Structures are given as C-alpha cells and as structure tokens.
Amino acid sequence: MAEQRVKSKNLFHFRPAGVVDADILAKEKAMMEEFGVDMSAMMEQWAAMSDEEYAVAVNGMMEGMVALFKGSVYSEAEESCDHSTMGVPTTHDGDYEVQVLVHTPKALAQADSRACIIYAHGGGAIAGSATMHKGMLSHTAVNCGVVVFNVDYRLAPGTRCPNNVLDFYEVIKHVSRNAADLGIDPARIAMAGESGGGYICAGAMVKLAREEESHLVKLAVPIIPMLTDYCFSDTAAMTKFEREHAPGQQKIWRLIAGPGFEAMSADALLYPGKADDETLRKMPPTIIWEDEFDIYITEATRFANRLRAAGRLLEFVVIPGTKHGSGFAPYHACFKREREAWRMAIQEYLLK
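Residues numbered from 1 in each chain as written. Predicted model: local features only at pLDDT ≥ 70, side-chain atom pairs only at ≥ 80, totals over all residues. Heavy atoms only, no water.

S.K.: How would you explain helix α5 (residues 134-144) if you had to name every residue and give the values?
M.R.: Residue pairs three or four apart in sequence face the same way in an α-helix, which turns once every 3.6 residues. For α5, a buried count of nine out of eleven residues is recorded, marking the element as mostly surrounded by other parts of the structure. Among the residues making up α5, those that are buried are G135, M136, L137, S138, H139, T140, A141, N143 and C144. Once α5 ends, the next one or two residues include G145, with phi positive near 70°. (Buried < 20%, exposed > 50% of the residue type's maximum accessible area, 1.4 Å probe, protein only. Helix = DSSP H or I, 4+ residues; strand = E, 2+ residues; numbered from the N terminus.)

S.K.: I'd like a description of the packing of aromatic side chains, backed by residues and values.
M.R.: In this description, a pair of aromatic rings is defined by centroid distance and the angle of the planes. On inspection of all chains with the given rule, the structure shows eleven aromatic pairs. Consider the rings of Y74 and F335, whose centres lie 6.0 Å apart with planes at 70°: the pair is edge-to-face. Placement of the pair is Y74 in helix α4 (residues 73-79) and F335 in helix α12 (residues 334-351), with a sequence separation of 261 residues. Neither Y74 nor F335 differs from the other in exposure class; each is buried. Each ring, one from F241 and one from F293, has its centre 6.2 Å from the other, and the planes form 80°; the classification is edge-to-face. With F241 in helix α9 (residues 240-257) and F293 in strand β7 (residues 286-293), this pair connects stretches of sequence that are 52 residues apart. Among the aromatic side chains, those forming a connected cluster through ring pairs are F12, F14, W289 and W342. Taking the ring centre of Y331 as reference, the NZ or CZ of K27 above it sits at 4.7 Å. Directly above the aromatic system of Y169 lies the positively charged group of K207, at a separation of 5.4 Å from the ring centroid. (Phe/Tyr/Trp six-rings, centres within 6.5 Å; stacked < 30°, edge-to-face > 60°. Lys NZ or Arg CZ within 6 Å of the ring centre and 35° of its normal.)

S.K.: Now, about the pattern of salt bridges: what can you tell me, with residues and values included?
M.R.: Using the criterion set out here, one finds 17 salt bridges in the structure. One salt bridge in this structure joins D229 and K274, with 2.9 Å as the shortest N-O distance. Of the two residues, D229 sits in the loop between β6 (219-223) and α9 while K274 sits in the loop between α9 and α10 (277-281), which places them 45 residues apart along the sequence. On the accessibility criterion, D229 (24% relative accessible area) is partly exposed. The residue E278 makes a salt bridge to K282 at a minimum N-O spacing of 3.3 Å. Given a relative accessible area of 44%, E278 falls into the partly exposed group. On the basis of relative accessibility, which here comes to 12%, the residue K282 falls in the buried class. One connected set of salt bridges, linked through shared partners, spans K9, E348 and K352. (Salt bridge = Lys/Arg side-chain N within 4 Å of Asp/Glu carboxyl O.)

Following this line, the structure appears as structure tokens:
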C-alpha cells in the first residue's frame with residue numbers, strides 16, 4: 001500500500017559554490033606531500049589492482065583516515081557517551097549474529113523513550129567497520145541527542161548481496177520489535193548511512209517497502225550514497241570526480257554482487273536507485289544528503305527526483321563546495337556547517 005505524500009519543511013537552500021572549498025584542496029595537497037603520494041599514480045595503481053586487492057587497499061586507506069581524527073571532537077564525543085554491544089541473530093545466510101555498537105549520550109542514560117538512528121558505516125560495503133566509526137557516530141549521538149546503533153554488517157567479498165542489506169534490515173526490525181527493552185521510542189527511529197553505508201541504507205529502504213514495513217522508521221537518510229551502475233556508462237557524460245572514481249566503483253559492485261553480478265543487474269537490492277515507482281511510493285520519508293562534488297552526485301540527484309515524484313522526499317541537501325565525505329572531517333571548515341545542518345534535520349524530522 002502506497003504511503004501518503006510527505007510534506008517538506010524546506011529547511012535547506014544551499015547555493016552551489018561551483019568550486020571545491022580551498023581548504024579542502026589545500027589539506028589534500030598537504031596530506032599527499034606528507035605521505036609522498038602522487039594522486040595520479042595512485043589512481044592508476046588502484047585501477048590495475050584485482051577487485052580483491054582493491055578491497056584491501058580501500059580498507060587500509062580508511063584505517064589511515066580514522067587515525068587522523070584521533071584527538072578531535074570525535075574523541076571528546078566518545079567520552080561523552082556510554083558504549084555497549086548488541087548481537088542480532090539472523091538466518092538469511094546461515095546462523096549469524098550481527099554485531100551492533102550502541103552509543104548512548106550520558107545525558108540520555110536515564111531516559112526511557114529515546115529517539116535513535118540505526119546507522120550503516122561507509123567503506124563501499126567492502127571495507128570499514130563499526131569500530132572505525134565509533135568516534136564519528138558518538139559525535140552524531142551527542143550532537144543530535146539520540147542513541148546511535150552502529151551496525152557492523154557483513155562486507156564483500158566475505159558475503160554477497162543481499163546479505164549485507166539484510167543484516168542491516170534485521171537490525172532495524174530488532175530495534176523496532178524490542179524498543180521498550182532498549183529504551184527507544186518506536187515512533188522516533190531513523191535509518192541512515194554514508195557512502196557504501198548509504199547503499200546499505202537505501203537497499204534496506206527497498207526491503208522495507210517490499211515487505212510493507214516502512215512504518216517501522218520515521219526517517220531515512222542515505223548520505224552520499226552509491227545507488228546504481230552509472231559507473232559502467234560512458235565516462236564522457238560524467239563529472240570529473242565521477243569519471244576518476246568509475247574504475248574503482250566498478251570493482252566495488254563486482255565484489256558486492258559476486259558471481260551473480262550480471263544476473264542481478266535489475267535487482268534493486270543491489271542497485272536501490274533502480275527501484276520501481278511502486279516500491280518508491282512505499283519507502284519511508286527520506287532525506288537525500290549529498291556533497292556538491294561527490295562521486296555519486298548524478299545518481300543521487302536522479303534518486304532524489306524520483307523520490308520527490310513518488311511523494312517520499314523530505315529534502316535534497318547538497319552541501320556546497322564539498323567532495324565525497326568532506327563534511328565528516330573535523331579539520332575541514334565545512335564540518336561545522338554540515339554538522340549544524342545535520343542536527344537541524346534530525347531535530348525537525350525525527351525528534352519533533
């Protein structure tokens with residue numbers, strides 16, 4: 001059954017900058033020089049890697065990025081939260097218990113009806129971990145005044161689609177079903193994720209819609225999400241950053257799908273941006289969150305337009321002057337602006 005059209009509060013009206021923020025470019029250059037990395041040579045090297053070698057390289061890069069955040073506001077946020085671990089039993093790919101890190105602001109420790117965000121970490125669904133995102137999501141918890149369930153879903157190539165999406169979906173079901181015991185308000189549950197986690201989030205939106213269960217969440221926020229096989233199309237029509245990333249993104253999709261890659265080309269659990277109109281009309285109220293110069297900006301824009309036509313889009317937020325994930329780095333000037341916007345979105349669309 002299709003949901004009623006959502007009503008946007010039209011909170012965000014960012015003007016495109018047309019250029020990447022100068023401090024982002026300067027920081028990138030300084031980091032490349034510090035580590036003796038030639039970006040063009042590195043991109044060529046990565047393009048020549050096997051798919052499996054690429055996954056290892058991406059994970060190593062993410063570990064390095066996390067190390068740069070130590071001692072920042074993320075570390076302070078960790079100190080302001082209580083942390084626990086929760087296991088969610090699943091059977092869609094054998095008997096497996098999905099691990100979930102729970103970050104609870106100490107200020108909310110005694111509350112018994114708290115809003116929450118169920119979150120899928122980034123890393124292309126081939127790298128990263130919940131532990132790597134502990135600081136960032138502790139900051140989200142404190143900044144927004146919510147409990148964050150940080151889901152350690154299984155990664156490719158260790159698992160294949162749709163098991164990664166179903167891991168996340170089962171955690172949503174578990175939190176909703178056990179809300180009272182977890183001290184969660186079942187009417188204020190959000191789902192979100194960035195980059196590869198944005199794909200996991202969007203894939204779970206597809207699953208919820210198919211199962212007529214979108215009412216379980218009040219808000220969905222895929223952030224800089226990978227959504228379709230656009231990377232396999234003609235690069236002449238792509239933006240500069242999409243074109244540069246296309247070879248790597250092709251590897252990511254092949255790793256996620258595995259041997260069934262070709263056969264899954266129309267499956268919205270692999271490519272959520274291909275969900276049909278009926279499925280879109282059944283999705284939760286959604287904010288699509290993007291960066292102006294993101295590697296997924298074209299497919300995210302298309303998805304936002306389709307959700308708007310289906311009556312399920314609350315906001316399409318595009319942070320000006322930013323590249324993929326710039327707003328998650330505390331050393332960028334855009335960090336404060338983006339975190340303030342994120343807090344406003346959660347306050348207005350989840351907490352109220």
